[in-house]
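Single-letter residue listing:
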Amino acid sequence: MIQELEKKIECLQKEIERIREEDSQLLPTKKMIDSIQEQKQKLLNNYYEKMTAWDKVYLSRHPQRFKVKDWVDVLFDDVFYLHGDRLYGEDATMLGALAYFDGIPVTVIGTNKGESLEENIRYNFGMSHPEGYRKSLRLMKQAEKFGRPIVTIVDTPGAYAGMGAEERGQGEAIARNLFYMSDLKVPIIALMTGEGGSGGALALALADKIIMLENATFSILSPEGFASILWKDGKRAKDAAEKMKMTADDLYREGLIDEVIQEGICFQKQEFERVVPDLKASLKRYLEQEMKKSSEQRIADRYEKYRKIGQSGRE
């Protein structure tokens, strides 16, 4: 459904450009452009009301969606990037940095995907190797040592499942992240901005608060993988997306996340600019709340948060 909308909007946009080039009379041109813009907005509104879980999966993967590096650029100041796991090597997929958020020194960790094919290959299409998770854990321990809150930005289809990654301890690296994150003394805020797939996402999402963009997803695996396992038919991914309850609204109702940031239907990067103020406000609010707690209280609250998952939801 979203793909159809994109094609219609593209046709309308081309019509606007054609009118601007061919019609030199300002007033008629403006009226015609306004009329087409109105048609475009009606299309967006109509599709927005009918969006399915599969549409949101598509949007979470959209090539024009803000990447982790984009979020770092608009949310943080004085960013200083760090590299290496001090054990095996550097995994460029896993972004790690020191930065300031509204004057607060923080450690930022996230998963790169890249803009071009070359960057996609460099960042392994957002799928981190075990050294990436070990780098993230190294930076989390460093943040705890210096009392810096941790902000994670999650946009990954999952951890890399290749032979080399498994040989170097992929599962152990993810498990160790979860083990240590559960007991870190500093605040942890997770931002779910795109795909949140499997253990690769979970390894960065055991947080005190989880903020999720409306068209992001968070699930145990991809809908394609779910359909292949459950029905032996990967083509039923659309059905799987509905069954998995992987959208932000579903997860909020079940009490798995703490807040949903409304997006509408975003295709272009410039449209994400209207999401930034809401995300900044939520991040600031949760950071301030968590920083007021003692480390003992924060760990106790984190324990209770995850013990209660699945016991009660929201209406």
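Here the structure is a predicted model, which means the values were calculated and not measured.

(A) Representation of the packing of aromatic side chains. On inspection of all chains with the given rule, the structure shows six aromatic pairs. Geometrically, the ring pair formed by Phe179 and Tyr180 is edge-to-face, given 5.3 Å between the ring centres and 90° between the ring planes. Accessibility expressed as a relative area gives 58% for Phe179, which makes it exposed. Both rings, one in Phe226 and one in Trp231, keep their centres 6.2 Å apart while their planes meet at 75°; by these two values the pair is edge-to-face. Relative accessible area serves as the criterion here: at 24%, Trp231 is assigned to the partly exposed category. The ring centre of Tyr180 lies 4.2 Å from the NZ or CZ of Lys141, which sits over that ring. The ring centre of Tyr306 lies 5.7 Å from the NZ or CZ of Lys305, which sits over that ring.

(B) Seen up close, the side chain of Asn120. For Asn120, the location among the structural elements is in helix H5 (residues 117-122). Side-chain polar atoms of Asn120 contact the backbone oxygen of Gly114, separated by 3.3 Å.

(C) Here's a closer look at the sheet that holds strand S7 (residues 259-261). One open sheet accounts for seven strands, arranged S1-S2-S3-S4-S5-S6-S7; its pairing is mixed. Of all strands in the sheet, those with a lone pairing partner are strand S1 (77-81) and S7, marking the two edges. Taken pair by pair, the neighbouring strands of this sheet meet at an average axis angle of 25°, ignoring direction. Across six bridges, strand S4 (residues 150-156) lies against strand S5 (residues 188-196) in parallel orientation. Its bridge partner lying in S5, Ile153 is registered against Leu191. Running over the sheet, helix H13 (residues 276-291) touches strand S2 (94-101), strand S3 (104-111), S4, S5, strand S6 (209-213) and S7 and is turned about 175° from S6.

(D) Seen up close, the packing of helix H6 (residues 130-146) against helix H8 (residues 170-181). Where H6 meets H8, the closest approach of the two axes is 8 Å, and the angle between their N-to-C directions is 20°. One element, H6, and the other, H8, form an angle in the roughly parallel class. The hand of the H6/H8 crossing is left-handed. On H8, the residues touching Pro130, Tyr133, Arg134, Ser136, Leu137, Met140 and Lys141 of H6 are Gln170, Glu172, Ala173, Ile174, Arg176, Asn177, Tyr180 and Met181. Split into classes, the residues belonging to the contact of H6 with H8 amount to eight nonpolar, three polar and four charged.

(E) How the structure looks around the pairing of S3. Within S3, seven of the eight residues are buried, which leaves the element mostly enclosed by the surrounding structure. Pairing between S2 and S3: eight bridges, direction antiparallel. Bridge pairing links Ala97 to Val108 in S3. Between S2 and S3, which pair antiparallel one after the other, the connecting turn spans two residues, and Asp102 there sits at a positive phi close to 50°. Bridging between S3 and S4 involves four bridges; their strand directions are parallel. The residue of S4 that forms the bridge with Ile109 is Thr152.

(F) Layout of a nonpolar patch on the surface. A cluster of nonpolar side chains, contributed by Leu117, Ile121 and Phe125, occupies part of the molecular surface with about 320 Å² of accessible area. Of note, Phe125 is situated in the loop between H5 and H6.

Rules used in this analysis
Residues numbered from 1 in each chain as written. Predicted model: local features only at pLDDT ≥ 70, side-chain atom pairs only at ≥ 80, totals over all residues. Heavy atoms only, no water. Phe/Tyr/Trp six-rings, centres within 6.5 Å; stacked < 30°, edge-to-face > 60°. Buried < 20%, exposed > 50% of the residue type's maximum accessible area, 1.4 Å probe, protein only. Lys NZ or Arg CZ within 6 Å of the ring centre and 35° of its normal. Helix = DSSP H or I, 4+ residues; strand = E, 2+ residues; numbered from the N terminus. Polar contact = N/O pair within 3.5 Å; in protein donor to acceptor, adjacent residues only side chain to side chain. Pairing = 2+ DSSP bridges. Axes fitted to C-alpha atoms, helices over the stretch in contact; angles between N-to-C directions. Contact = heavy atoms within 4.5 Å. Parallel < 35°, antiparallel > 145°, perpendicular 65-115°, else oblique. Left-handed = near helix turned anticlockwise from the far one by under 90°. Nonpolar A, V, L, I, M, F, W, Y, C, P; charged D, E, K, R; others polar. Patch = residues over 30% accessible without salt bridge, like charges linked within 9 Å, V, L, I, M, F, W, Y side chains within 5 Å. Areas by Shrake-Rupley, 256 points an atom, 1.4 Å probe, with all protein chains shown as cover. Salt bridge = Lys/Arg side-chain N within 4 Å of Asp/Glu carboxyl O.

Any link to function would need more than the numbers given here.
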